[in-house]
Amino acid sequence: NRDNERLILTAGRSNFTLPTLPKDDFPLMSTAGEGTEFSISPSDLKLLLDKNKFAMSQEETRYYLNGIYIHFLEKEHANDNDIGENGGLVGVATDGHRLSKLVLDAPKGTNAIPNVIIPRKTVIELRKLIEDVNEAILVNVTETKIVFQTDNLRLVSKLIDGTFPEYQNVIPAANDKHVTVQTKDLINAVDRVATISSDKVRAVKLSLEKEKMIFRVENSEFGTAVEEIEADYDGDALQIGFNARYLLDILAQLDTETAQMSFGDVGTPVVVHNHDDKRAIYILMPMRI
C-alpha cells in the first residue's frame, strides 16, 4: 500500500500490516568492476571456510580477529607447503588461544588481491549459502568490500577495517619434539579425561614420554582422570598443559588416521597437522597448570 507506506500480508486467517522505509534509504554496496576478480571452486571455498572458522575470535575489543584473514602467498615463500607454481591462497584465523592456517593452490588472478579480513558473520552466512553450490564461484575483492557470486547467488559484504597481526611470528619454527599418534585415540583420550576438568578452564596436562602420551586431569571436586595412549615418539620427556576444548576443536579438523604434533618447551605453542601434510596447520597455545 503505497499511500500509507504499509506492507499488507494476508494468508488464510492471518493478516499482517507492517511499516516500511523509503527505498532511497537502502544502502548501495555494488563493487562491479571495481576490484580484483578470480574464480574459485565451491569445494576449495568450503575448505577455506571450514578449516578456519572455528578459530575466529568473538572478542569485541580485538575486532580485527573476528574473521578470516585472506592473502596471496608467492611460491618461493611457501616453505613446506606443496603448492602449485602460481602460488597459494591463504586463509588464517586466530582468537589468541589457537590459530588455523590453510594454503590452497592459488586460483588465477589471486596474485593481485589485497590482504583482507572477511567478517565472522559473512563467513558463517556464506558457508550456509554455498552448501549446495556446484558451479565455480566468482569473487570480487577491493580494499573495503568482497562479493561472492554464482548464477543464482550474490553476497556483498564489507571487510573488517583493521590490520591482522603478523601471524607468522606465532608459528614456531624450532619445535624439535615430533610425535605421530592415531587421531581417533588422541581425540577419545582428551575427551574422556576432560569430562572431570573444570568447566571454565578445561585444563589437561599432557606428559610426553618414549612411545606414549599420558593425559591427566586433577579436580578437587570431581577427582582424578589419567589415560595413556601409544605414540610414535623417541625424544626427551615433556609435560605441558592445554585447554581440552581448544585441542579437540583442532583435532576435529584433521582428515587422516594419524596426526602429527610438534612440541618445543613447556611455554612454546604446539603445532598440529595431518600426517605428512602441512597445507593445513593448527597452532595451540599452552597453559600453565
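Residues numbered from 1 in each chain as written. Predicted model: local features only at pLDDT ≥ 70, side-chain atom pairs only at ≥ 80, totals over all residues. Heavy atoms only, no water.

Enquirer: Please set out the side chain of K177 residue by residue, giving values where relevant.
Expert: Relative to the helices and strands, K177 is located in strand β11 (residues 177–182). Among the polar contacts made by the side chain of K177, one reaches the main-chain carbonyl oxygen of G264 at a distance of 3.2 Å. If near-sequence neighbours (up to four positions away) are discounted, K177 is found in contact with Y233, D236, L238, M261, S262, F263 and G264. (Helix = DSSP H or I, 4+ residues; strand = E, 2+ residues; numbered from the N terminus. Polar contact = N/O pair within 3.5 Å; in protein donor to acceptor, adjacent residues only side chain to side chain. Contact = heavy atoms within 4.5 Å.)

Enquirer: Break down unusual backbone geometry for me, citing the residues and quoting the values.
Expert: With the exception of glycine, most residues fall at negative phi, and the peptide bonds are largely trans. Even without glycine at this site, E211 takes up a positive phi of about 65°. The backbone phi angle of D276 is positive, close to 55°, even though this residue is not glycine. The exposure class of D276 is exposed, given its relative accessible area of 61%. (Buried < 20%, exposed > 50% of the residue type's maximum accessible area, 1.4 Å probe, protein only.)

Enquirer: Run through the sheet that holds strand β3 (residues 36–40), naming residues and quoting values.
Expert: A sheet is described by the order of its strands in space; here four strands give the open sequence β3-β8-β9-β10, paired in antiparallel fashion. With one partner strand each, in any of the chains shown, β3 and β10 (154–158) form the two edges of the open sheet. In this sheet, neighbouring strand axes are inclined to one another by 15° on average, regardless of whether the strands run parallel or antiparallel. Of the strands in this sheet, β3, β8 (137–141) and β9 (145–149) are in contact with helix α1 (residues 42–50), which crosses β3 at around 100°. (Pairing = 2+ DSSP bridges. Axes fitted to C-alpha atoms, helices over the stretch in contact; angles between N-to-C directions.)

Enquirer: Account for the packing of α1 against helix α2 (residues 120–129), with residues named and values stated.
Expert: One way to put it is that α1 packs onto α2 with a least axis distance of 10 Å and a crossing angle of 140°. It follows that α1 is oblique to α2 by the angle criterion. Crossing angle aside, the handedness with which α1 passes α2 is left-handed. Every residue of α2 that contacts α1 at L45, K46, L49 and D50 is listed here: V123, L126 and R127. Looking at the contact of α1 with α2 residue by residue, the class counts come to four nonpolar, no polar and three charged. (Parallel < 35°, antiparallel > 145°, perpendicular 65-115°, else oblique. Left-handed = near helix turned anticlockwise from the far one by under 90°. Nonpolar A, V, L, I, M, F, W, Y, C, P; charged D, E, K, R; others polar.)

Enquirer: For empty space enclosed by the protein, give the residues involved together with the corresponding values.
Expert: Evaluation of the coordinates by the stated rule reveals two cavities of 30 Å³ or more. For the largest cavity, the calculated volume is near 110 Å³. Surrounding the largest cavity, 14 residues form its lining, F38, I70, I118, I146 and F148 being those nearest its centre. Looking at the lining of the largest cavity, the elements that each hand over two or more residues are β3, α1, β7 (116–119), β8 and β9. The class makeup of the residues in the lining of the largest cavity is 14 nonpolar, no polar and no charged. Approximately 60 Å³ is the volume found for the second largest cavity. Among the secondary structure elements, those contributing two or more residues to the lining of the second largest cavity are β15 (238–243) and β16 (258–263). (1 Å grid on protein atoms, 1.4 Å probe; cavity = no way out; pocket = protein on both sides within 12 Å on 5 of 7 lines; lining within 4 Å. Points joined across faces, edges and corners; volume = space filled by probe spheres on them.)

Enquirer: Report on the pairing of strand β18 (residues 277–284), specifying residues and quantitative values.
Expert: Across five bridges, the pairing between strand β6 (residues 98–105) and β18 is antiparallel. Residue pairing for β18: L102 is matched across the bridge by A280. Sheet topology places strand β17 (residues 270–274) next to β18; five bridges connect them, and they run antiparallel. The residue of β18 that forms the bridge with V272 is Y282. A loop of two residues connects β17 with β18, the two strands running antiparallel in sequence, and D276 in this loop sits at a positive phi of about 55°.

Geometry only, nothing functional implied.
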